Amino acid sequence: MSGLLGKLSPAKRVTGNNDLPLFYVNQTSMEPQRCPRGAPRVSATLAELLMNVEDARNDQSTPRGALEMSSPLTSSASSFNSWTSAPASSISSSPFVLSFNDLTYSVKIQKKFEPFACCKRSRNGSPVNTKILLNGISGEAREGEMMAVLGASGSGKSTLIDALANRIAKDSLKGSITLNGEVLESSLQKVISAYVMQDDLLFPMLTVEETLMFSAEFRLPRSLSKKKKKARVQALIDQLGLRSAAKTVIGDEGHRGVSGGERRRVSIGIDIIHDPIILFLDEPTSGLDSTSAYMVIKVLQRIAQSGSIVIMSIHQPSYRIMGLLDRLIFLSRGNTVYSGSPTHLPRFFSEFNHPIPENENKTEFALDLIRELENSAEGTKELVEFHKQWRTKQAPSYNNNGSRNNNVTLKEAITASISKGKLVSGATNNSTTNLSSSFQTFANPFWIEMIVIGKRAILNSRRQPELLGMRLGAVMVTGIILATMFTKLDNSPKGVQERLGFFAFAMSTTFYTCAEAIPVFLQERYIFMRETAYNAYRRSSYVLSQSIISIPSLIFLAASFAATTFFAVGLAGGANGFLFFFLTILASFWAGSSFVTFLSGVVSNVMLGFTVVVAILAYFLLFSGFFISRDRIPLYWIWFHYLSLVKYPYEGVLQNEFEDPTKCFVRGIQIFDNSPLGQVPNAVKLSLLKSMSGVLGINVTAETCVTTGVDILKQQGITDISKWNCLWITVAWGFFFRVLFYFTLLIGSKNKRR
């Protein structure tokens, strides 16, 4: 917003450190005036800021980044002045109150085997193998305010945030959570709220502007033009104080990028692109220095003052951050030890006979005292009971403060917020329909989601060409080694054995090179879970898009491998044979990539994934029919033979090579080559053939064809499936594993505790 004020006023912009404006423009005198000390400073909604930015950019004569003000003021500037100087009561026409009452959540603890453990119970009657993470937590958070949950590690801060954000299964959480007195449906909460995780889950090779733009394309409806989406992103960049870093990549350990504080603000930005009513954050200041942490909380204060409820967990806020917070909840081992305004904290501990010294940081004193009590014999039980009594005495004044929301229903409040421009994710703003049906589950159709996901993946790949280069290098090195090892195979018994070995190694290698796809999804797993948790896009869109964009690279790899090996080895079939060989390699890459992608959705560790892939592919090769023919496989293992991914491409290329019935691979004089008689002189071999002809009654000469390609296929047990059916089955395996991958994401990415 401070960036926009600079565009609207020719006067020098005077603000605090990423603070709200300290001046507004007097519409009578046309001079900047200081806001009265103590007067409420109200921030416009992001949608309202967008309207001003859009109006400014519609003037083609205005240079980018500046808006010349004229007299009289433009309507957009006038409206902006009225927002920044109007009292809070005129803005908060649709106040929201999120109330939670008696939230209780416990989990079972995995313990070592202990006889009769199931029969043992604790003093309060609960089973000893359960741990209570939340114990009767109550409170409320209001629009325009920031509520912070504090406590030591393990006190239940993140658990409470997850409970309020609907990240705990309903059957596991006891108590009630309401917004304006009405229970929130899960589908509605996903639309009107956002959750910012503790870790910054971002694509390292995208810039700040690109990251926010992709978020806008996911979360903002198709009805909003591309120009307006870009304008919203620019307004958000100014609101987050990221203008100087807009063109900088996010970065990671191997690529220098934005600072930690900027990265955290980007994480917040991608979740508030649609201007949500409720914003949940899990320790947004974790790992930041004091200045960066303060800047992040200032951004959150602006978001709250724009008409949102901000609820965060925070470990140990500084004195400056404490001055920005409106409500506090201190937790100790799942119990509330204080809840209320930060200004009441000294009086609370004074009445508890532990007054806070004048020069002491109130938060540090409270946390140290709570930690000291936790280590005592009685724990914090006395403090918990005192808080209950203290809250009872404060109840009358507390309820009076909340009376302003008694006559505002949830439907009316949301409708009013939509009218102000919030919740830009497809809301219909139709007061006659059901509240949940007023919102689309997803902002865009699935084909738009597929395009955006694909565009982002391609951009990431272009920024990291070494990944495709390494995979191409592995394929080319393998192809060159095979081409030089099996150069120009002849049509002899030895040539037949060498062809069988070449095909078995080539087909299995195509699957092994696909193992490099394991880290791809594992690196995106938590980004995917964050984005789908609040319906940024469908899981099916992600699976389809990832499948489609992988095909061009697979075609390139398959063509490179086929061209390197087919002609050098001297395989049969000419142009048609090469085409089928190429298609089989491509189908193998497709099936292998799909299989590995599916496994990456099942396992969560890269090393474990590689171990599982290598082991299973080894079994596939073992049962493919190369080492032992189908007729020799035991009946109790025959099912694995038909499940082997290597079987079908291996049998397909064998048929492509040996399907010609006129081509001979073993002639009369060559039948002795694979036996001890192979070393005797040719004259002896001819004599033996003559003797055999007399015994058999068949004239077998040195040039008589004894074994054709069809005979070799029969010897290998390849007679029941045609080569084209082998190709289609391999392709079908690829689709099958993509479907399994989808169901893996559907089941395994619920992102909820139980």
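Note that the coordinates shown come from a computational prediction; the quantities given were computed from them, not determined experimentally. (Residues numbered from 1 in each chain as written. Predicted model: local features only at pLDDT ≥ 70, side-chain atom pairs only at ≥ 80, totals over all residues. Heavy atoms only, no water.)

A.B. asks: Which residues make up the packing of helix H24 (residues 647–658) against helix H27 (residues 723–748), and what are the values?
C.D. replies: Interhelical geometry of H24 versus H27 gives an angle of 155 degrees and a closest axis separation of 8 Å. Considering the angle they form, H24 stands roughly antiparallel to H27. Like other packed secondary-structure pairs, H24 and H27 cross with a definite hand, here left-handed. Mapping the contact onto sequence places Tyr 648, Pro 649, Glu 651, Gly 652, Gln 655 and Asn 656 in H24 and Lys 723, Cys 726, Ile 729, Thr 730 and Trp 733 in H27. Taken together, the residues that form the contact of H24 with H27 break down as five nonpolar, four polar and two charged. (Axes fitted to C-alpha atoms, helices over the stretch in contact; angles between N-to-C directions. Helix = DSSP H or I, 4+ residues; strand = E, 2+ residues; numbered from the N terminus. Parallel < 35°, antiparallel > 145°, perpendicular 65-115°, else oblique. Left-handed = near helix turned anticlockwise from the far one by under 90°. Contact = heavy atoms within 4.5 Å. Nonpolar A, V, L, I, M, F, W, Y, C, P; charged D, E, K, R; others polar.)

A.B. asks: For a nonpolar patch on the surface, give the residues involved together with the corresponding values.
C.D. replies: A cluster of nonpolar side chains, contributed by Ile 671, Met 692, Val 695, Leu 696, Ile 698 and Val 706, occupies part of the molecular surface with about 540 Å² of accessible area. With three residues, the top contributor of residues to the nonpolar patch is helix H25 (residues 682–696). Secondary-structure assignment places Val 695 in helix H25. Taking the relative accessible area as the measure of exposure, Val 695 reaches 71% and is therefore exposed. (Patch = residues over 30% accessible without salt bridge, like charges linked within 9 Å, V, L, I, M, F, W, Y side chains within 5 Å. Areas by Shrake-Rupley, 256 points an atom, 1.4 Å probe, with all protein chains shown as cover. Salt bridge = Lys/Arg side-chain N within 4 Å of Asp/Glu carboxyl O. Buried < 20%, exposed > 50% of the residue type's maximum accessible area, 1.4 Å probe, protein only.)

A.B. asks: Go over empty space enclosed by the protein with me, naming the residues and quoting the values.
C.D. replies: As enumerated under the stated definition, the model contains 13 cavities of 30 Å³ or more in all. Approximately 180 Å³ is the volume found for the largest cavity. Taken together, 16 residues make up the lining of the largest cavity; nearest its centre are Ser 215, Ile 270, Arg 456, Arg 530 and Glu 531. Only helix H7 (208–219), helix H9 (260–271) and helix H19 (518–533) provide two or more residues apiece to the lining of the largest cavity. Of the residues belonging to the lining of the largest cavity, the class tally is nine nonpolar, two polar and five charged. Both domains that meet at the lining of the largest cavity, namely domain 1 (97–108 + 128–203 + 273–392) and domain 2 (464–661 + 721–751), each give it at least three residues. (1 Å grid on protein atoms, 1.4 Å probe; cavity = no way out; pocket = protein on both sides within 12 Å on 5 of 7 lines; lining within 4 Å. Points joined across faces, edges and corners; volume = space filled by probe spheres on them. Domains from an automatic or database assignment.)

A.B. asks: I'd like a rundown of the sheet that holds strand E10 (residues 309–313), residues and numbers included.
C.D. replies: Spatially, E8-E9-E10-E5-E11-E12 is the arrangement adopted by the six strands of the open sheet, whose pairing is mixed. One side of each edge strand has no neighbouring strand; the edge strands of this open sheet are strand E8 (193–196) and strand E12 (335–340). Each adjacent strand pair in this sheet contributes to an overall mean axis angle of 15 degrees, direction not counted. Relative to strand E11 (residues 327–332), strand E5 (residues 146–150) runs parallel, the two being bridged by four bridges. Bridge assignment links Leu 150 to a residue of E11, and that residue is Phe 330. Set on the sheet, helix H13 (residues 362–374) makes contact with E5, E11 and E12; between it and E11 the angle comes to about 20 degrees. (Pairing = 2+ DSSP bridges.)

A.B. asks: Please provide a residue-by-residue account of unusual backbone geometry, values included.
C.D. replies: Located in the positive-phi region is Asn 166, a residue other than glycine, with phi close to 65 degrees. Following the sequence through the fold, Asn 166 ends up in the loop between helix H5 (157–164) and strand E6 (173–179). Given the relative accessible area of 7%, Asn 166 is considered buried. For Arg 333, which is not glycine, the phi torsion reads 50 degrees and is therefore positive. If you trace the backbone, Arg 333 turns up in the loop between E11 and E12.

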